[in-house]
Amino acid sequence: MSENMEQPLSPSLPDDVIIDIVARVPRSYYPTLSLVSKSFRKLIASPTFYKRRSFLGITQHRIYAVLRNRKTRDDFSFYILHRKLKCSNRLVIVGSRTLHHMCSRGSYVLVGSKVYGFNDLHALSIDCTSHTSQPISDIPQLMTNKVANVIDKKIYLIGGSFLPDESGSREAWKNAVAVFDTETQSWECKLVKEDMHVGLGPFWSDSMVMEGKIYLKDYSHSNFFAYEPEERKWELMDKVLNYHKWVGACVVDDVLYYHDCFDMVLKAYDPKQRCWSVVNGLKDFLAVETAHSVRSEAVSYGEKKLALFFHKNNDGKEVMCCAEIALERRQGGEIWGHKESCDVVFEDGMFDMVKFVSVTV
């Protein structure tokens, strides 16, 4: 890698030594390091450098966010949760040009160190090591109100589309499943079986992957289904899982977590036990911090941890906060949470939360 550097990184040490030193520096310092010289800036932007970090076993979990401007509705920006001075977290803009093809119905999903975004027709990938984006082949058919999920490095897009009926003489509005293989960078259309429920979709409000299945629900919270990719079939979702109108949820160790804004608690669903529970240890914290929040988003964040994003009123101004919560299953099966930090990460209340993903780089 040092052979590709135009100038030495340091006059007193070999480049390979400097590279291994920089690889051990926390990523939050990289913006500062990139100002040292052109060579350092090129090093930090190099995908090969991150492969070296991975080889050395030095990786970090970073959260990226897609936010939408409320005023324009179609103006998106890409942010990274960045730890600044005094150890507080802040959402720092990466760039808006990377998302200029996205729309309000865009879906975003993580595979490896890349975030994939899909709107009705177009798609792109964002490399979180170099913060660059590139288009990928367009979705093979028009799909609206879709959701994206990942199983075994394949992206499953589920949405509404006009498809031929059984006779083939006319088209009808149905749900379709398109699959993008991130390793071959190619599409494959997989239509669902005809035994799917008549009232299914096509307007999905949330989806999640647990135990190799994709769980979906619509905006009315009246239709809940699970899609089995291996057998390409639909089935009714577990009635117990349907009991709560989970939204903005995440999965940690095959357990679904979501913040109930009405009850102001963090709830958990264990598919093995087929039961809901309230995460202990967070009641007082959530009652104070999320008292007036009407929406929140949870994202899996490292091992046995999640980050909870929510809006709150701070001295008469709407801000966005992020709480890092460590999770622990204790004897008897009870799940406990511990608030590690809670920061105001974004002070402009005119931006909506679209998607949060946790990337290991």
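This report concerns the structure included in the present document. Values in this document were obtained by computation on a predicted structure and should not be read as measured data.

The phi angle of most residues is negative, glycine excepted, and most peptide bonds adopt the trans form. Even without being a glycine, D152 presents a positive backbone phi close to 55°. By the element assignment, D152 lies in the loop between β8 (144-151) and β9 (154-164).

Here we take up the pairing of strand β22 (residues 317-329). In the case of a regular strand, side chains alternate between the two sheet surfaces. With 10 bridges connecting them, strand β21 (residues 305-314) and β22 associate as antiparallel partners. Residue pairing across strands places N313 opposite E318, the latter belonging to β22. The turn linking β21 back onto β22 is made up of two residues, and D315 within it adopts a positive phi angle of 55°. Inspection of the sheet shows β22 paired to strand β23 (residues 335-346) by 10 bridges, in the antiparallel sense. Across the sheet, the residue bridging to R329 is I335, located in β23. If you look at the hairpin formed by β22 and β23, you'll find five residues sitting between the two strands, and G332 has a positive phi there, around 100°.

This brings us to the pattern of salt bridges. Two side chains of opposite charge can pair, provided their charged atoms sit close to one another. Considering all chains together, one arrives at 15 salt bridges under this definition. Put simply, E347 and R90 hold a salt bridge, and the shortest N to O gap is 3.4 Å. Here E347, found in the loop between β23 and β24 (351-360), pairs with R90, found in strand β3 (residues 89-95); they are 257 residues apart in sequence, far enough to count as distant. A salt bridge links E297 to R295; the shortest N-O distance between them is 2.5 Å.

Now for the sheet that holds β21. If you trace the four strands from one edge of the open sheet to the other, you get β20-β21-β22-β23, paired in antiparallel fashion. Only two strands of the sheet have a single neighbouring strand rather than two, namely β20 (296-300) and β23. Here the strands of the sheet are splayed against their neighbours by 25° on average, with no regard to which way each runs.

Another aspect to go through is helix α1 (residues 15-23). For α1, the full list of buried residues reads D15, I18, I19, V22 and A23. Within α1, the buried residues cover an arc of 135° as seen down the axis, which keeps them to one side. Tucked into the core, α1 has its buried residues touching α2 (30-33), α3 (38-44) and α4 (47-55).

Cut-offs used in this document
- Residues numbered from 1 in each chain as written.
- Predicted model: local features only at pLDDT ≥ 70, side-chain atom pairs only at ≥ 80, totals over all residues.
- Heavy atoms only, no water.
- Helix = DSSP H or I, 4+ residues; strand = E, 2+ residues; numbered from the N terminus.
- Pairing = 2+ DSSP bridges.
- Salt bridge = Lys/Arg side-chain N within 4 Å of Asp/Glu carboxyl O.
- Axes fitted to C-alpha atoms, helices over the stretch in contact; angles between N-to-C directions.
- Buried < 20%, exposed > 50% of the residue type's maximum accessible area, 1.4 Å probe, protein only.
- Arc of directions from axis to C-beta.
- Contact = heavy atoms within 4.5 Å.

Read these as layout, nothing more, since geometry by itself doesn't imply function.
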